[in-house]
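Here is what each chain is made of, one letter per residue.
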Amino acid sequence: MSTGRVNPAHRLEDQGIEGLGHVFYNLIEPQLVEQAVQRGEGHIGKGGAIMVSTGTHTGRSPKDKFVVRTPDVEDTIWWENNKPMDPAAFDVLYADMLEHMKGKDYFVEDLFGGADPAHRLDVRMITELAWHALFIRHMLRRPEREELDSFAPEFTIINCPSFKADPARHGCRSETVIALNFTRKLILIGGTEYAGENKKSVFTLLNYILPGKDVMAMHCSANHAPNNPVDTAVFFGLSGTGKTTLSADPSRVLIGDDEHGWSEKGTFNFEGGCYAKTINLSPVAEPEIFATTSMFSTVVENMVWDEDTLDLDFADDSLTPNMRCAYPLHYISNASETALGGHPKNIIMLTSDAFGVLPPIARLTPAQAMYHFLSGFTSKVAGTERGVVHPEPTFSTCFGAPFMPRRPEVYGNLLRDKIAKHGATCWLVNTGWTGGPYGEGERMPIKETRTLLAAALDGSLSDVEYRKDPNFGFEVPMHVQDVPDVLLDPRRTWNDHAAYDEQATKLVKMFAENFEQYIDFVDDDVKAIKLG
Ligand SMILES: Nc1ncnc2c1ncn2[C@@H]1O[C@H](COP(=O)(O)OP(=O)(O)O)[C@@H](O)[C@H]1O
Ligand SMILES: C=C(OP(=O)(O)O)C(=O)O
Ligand SMILES: [Mn+2]
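Reading the values: the criteria
- Residues numbered from 1 in each chain as written.
- Chains lettered and ligands numbered in written order.
- Predicted model: local features only at pLDDT ≥ 70, side-chain atom pairs only at ≥ 80, totals over all residues.
- Heavy atoms only, no water.
- Salt bridge = Lys/Arg side-chain N within 4 Å of Asp/Glu carboxyl O.
- Helix = DSSP H or I, 4+ residues; strand = E, 2+ residues; numbered from the N terminus.
- Buried < 20%, exposed > 50% of the residue type's maximum accessible area, 1.4 Å probe, protein only.
- UniProt positions renumbered as here; feature names shortened; annotations may be inferred.
- Contact = heavy atoms within 4.5 Å.
- Near = heavy atom within 4 Å.
- Polar contact = N/O pair within 3.5 Å; in protein donor to acceptor, adjacent residues only side chain to side chain.
- Areas by Shrake-Rupley, 256 points an atom, 1.4 Å probe, with all protein chains shown as cover.
- Nonpolar A, V, L, I, M, F, W, Y, C, P; charged D, E, K, R; others polar.
- Disulfide = S-S within 2.5 Å.
- Axes fitted to C-alpha atoms, helices over the stretch in contact; angles between N-to-C directions.
- Parallel < 35°, antiparallel > 145°, perpendicular 65-115°, else oblique.
- Left-handed = near helix turned anticlockwise from the far one by under 90°.

Peer 1: Let's hear about the pattern of salt bridges: which residues, and what values?
Peer 2: Considering all chains together, one arrives at 32 salt bridges under this definition. Here D91 ties to R184 by a salt bridge, and the two come within 2.8 Å at their closest N and O atoms. One end of the pair, D91, is in helix α2 (residues 87-101); the other, R184, is in the loop between β10 (177-181) and β11 (186-190), with 93 residues separating them in the sequence. With a closest N to O distance of 2.4 Å, K200 and D258 form a salt bridge. Here the residue K200 occupies a position in helix α6 (residues 196-209), and D258 occupies one in the loop between β15 (253-256) and β16 (260-262), the gap between them amounting to 58 residues. With respect to class, K200 is no different from D258; both count as buried. The network of salt bridges with common partners includes K199, K200, K243, D258, E259 and E271.

Written out as structure tokens, the structure is:
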């Protein structure tokens, strides 16, 4: 049995998926909320949000993510960063998953990944959980209802949390598996309910496909000046660095909070929704995002609430510090209707430096931008990946190593050429620690970060006085209106200057050691960068 709207030529049976219980095709938000509640998957919260919890897995499981090693992708995948799965093991996994799915109800959502029709991917998401269908409906882009009648899925993702993988049979590591098969155009997810796996799988797909079409794929948020998409800014950053927070800026138009492409025409969001962290979410510092937590059908994931008032407790991280809400872009009032932007005029690389060494903002030469893009220095925040319990310094190339199927130089060279062609100005912004390292200093105040960004984006930093950072060689402004001078010089924010110098020397060494892996393929201007 099935209900809902679907292309009659592309039903699940047509792709060999048979014997399921009831199949719900392309339900819309109210129907999915109703299904989720009826099935006991969650509770209705304030304003009609839906509150769910995901059990054991409350963050991504990067160690359980695999790329199937088929001949077509053998030469293009960066195997040092992507774990291979044997094609035969994948086939067994698929057969076992289909067997497991028999008799159970499933939800199908046919959606687009990519706001630019020239580069979008038609994705079919098949989920066991109604709320996962709702989540992906929020996160990806919805075809018009009429377009569903001719929708032909290019890639299919099946997410079946109740399926437990068997490492011996399936060539994986645990009961949890995320397996990407570029040849069969299929992604299988089992043994985890964390919704972020769904969107990051689509991201990984696009990160593979788009560079082949000369389109740069970026782990970044994006916004543009009011009525002026030519003035676009992108904000690269690993999880927790502030992409979502800083792109939701009431004085600019939000293009998207996490995944974008940069084509010959400009930037485009891959998605149609946002996935914000809600830990300590402040109605004062982040009013736009705060408001979405009580809007109809927003998915509130892993939050604790008051039984009596249904008030969400933003401070209670007892389920996970990686608590989240997912909502469509238009829930942010100043969001772009098209999710398209121009060529970035400013490129911001966000880093959350747990050492408290990097300045709150620095201007980068194109060579320095390449250096920092390939380095991808930041810290992993607690909770987004399994096993991370406090900020852990890391080098995550392209500011998103877990989602990059190709070699870093592929993304690096694309970005280098686009920066050169369009003359973008690049900045490094530390949203991490100031006044000392994690545990001693404090997190950079959001207000100051916003003020610095506003100054960078409106051009007021173009001709102020800069000093050259003695450790990294980039330029740091001396004075910025409404920001205390001392904050601009991290060394001065530390009580113990010698301790700062020692920490900075250590960090410089870490950078240099990490960069050795890239030195052979970067241009001479990047090779010539000497730190310390
Ligand atoms: N100076 C700052 N800039 C940005 N975010 C900050 C800052 N200080 C604290 N935060 C907090 O850090 C988190 C940034 O997370 P988020 O914007 O979701 O990152 P991303 O989207 O890159 O994963 C939010 O919880 C935000 O409230
Ligand atoms: C959803 C995620 O991305 P981000 O934290 O960058 O929003 C994630 O890393 O699981
Ligand atoms: Mn985010």
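Having seen the model, we can carry on.
Peer 1: Can you tell me about the UniProt feature "binding site: substrate" (unreviewed entry) in the chain, naming the residues and giving the values?
Peer 2: According to UniProt, the "binding site: substrate" (unreviewed entry) feature falls on R60, Y194, K200 and R324. Taking the relative accessible area as the measure of exposure, K200 reaches 9% and is therefore buried. Counting through the fold element by element, R324 comes out in strand β22 (residues 324-328). The class of R324 is buried, set by a relative accessible area of 6%. Among all residues touching R324, those that are not within four sequence positions of it are Y194, S239, Y275, A276, K277, T278, V299, V300, E301 and T384.

Peer 1: Could you give an account of the site of ligand 2, with specific residues and numbers?
Peer 2: By nearness alone, every residue bordering ligand 2 is listed as R60, Y194, K200, H219, S239, K243, D258, Y275, K277 and R324. Contacts to ligand 2 include K200, whose side-chain N or O atom sits 3.1 Å from an oxygen atom. The separation between an oxygen atom of ligand 2 and a polar side-chain atom of D258 is 3.2 Å. Relative to its free-state accessible area of 290 Å², ligand 2 is covered by the protein chains to the extent of 99%. Its residues assigned to classes, the shell around ligand 2 shows two nonpolar, two polar and six charged.

Peer 1: Break down the state of the cysteines for me, citing the residues and quoting the values.
Peer 2: Taken as a whole and assessed by the stated rule, the structure comprises zero disulfides. Free of any disulfide, C220 has its nearest cysteine sulfur in C398, 12 Å distant. The thiol of C274 is unpaired, and the distance to the nearest cysteine sulfur, on C325, comes to 8.8 Å.

Peer 1: Kindly report on the packing of helix α3 (residues 130-139) against α6, identifying the contributing residues and their values.
Peer 2: Between α3 and α6, the least distance of the axes is 9 Å, while the angle of their chain directions is 45°. One element, α3, and the other, α6, form an angle in the oblique class. Judged by the sense of rotation from one axis to the other, the crossing of α3 with α6 is right-handed. Where α3 approaches α6, its residues H132, F135, I136 and M139 are matched on the opposing element by G196, N198 and K199. Residues that form the contact of α3 with α6 fall into these classes: three nonpolar, three polar and one charged.

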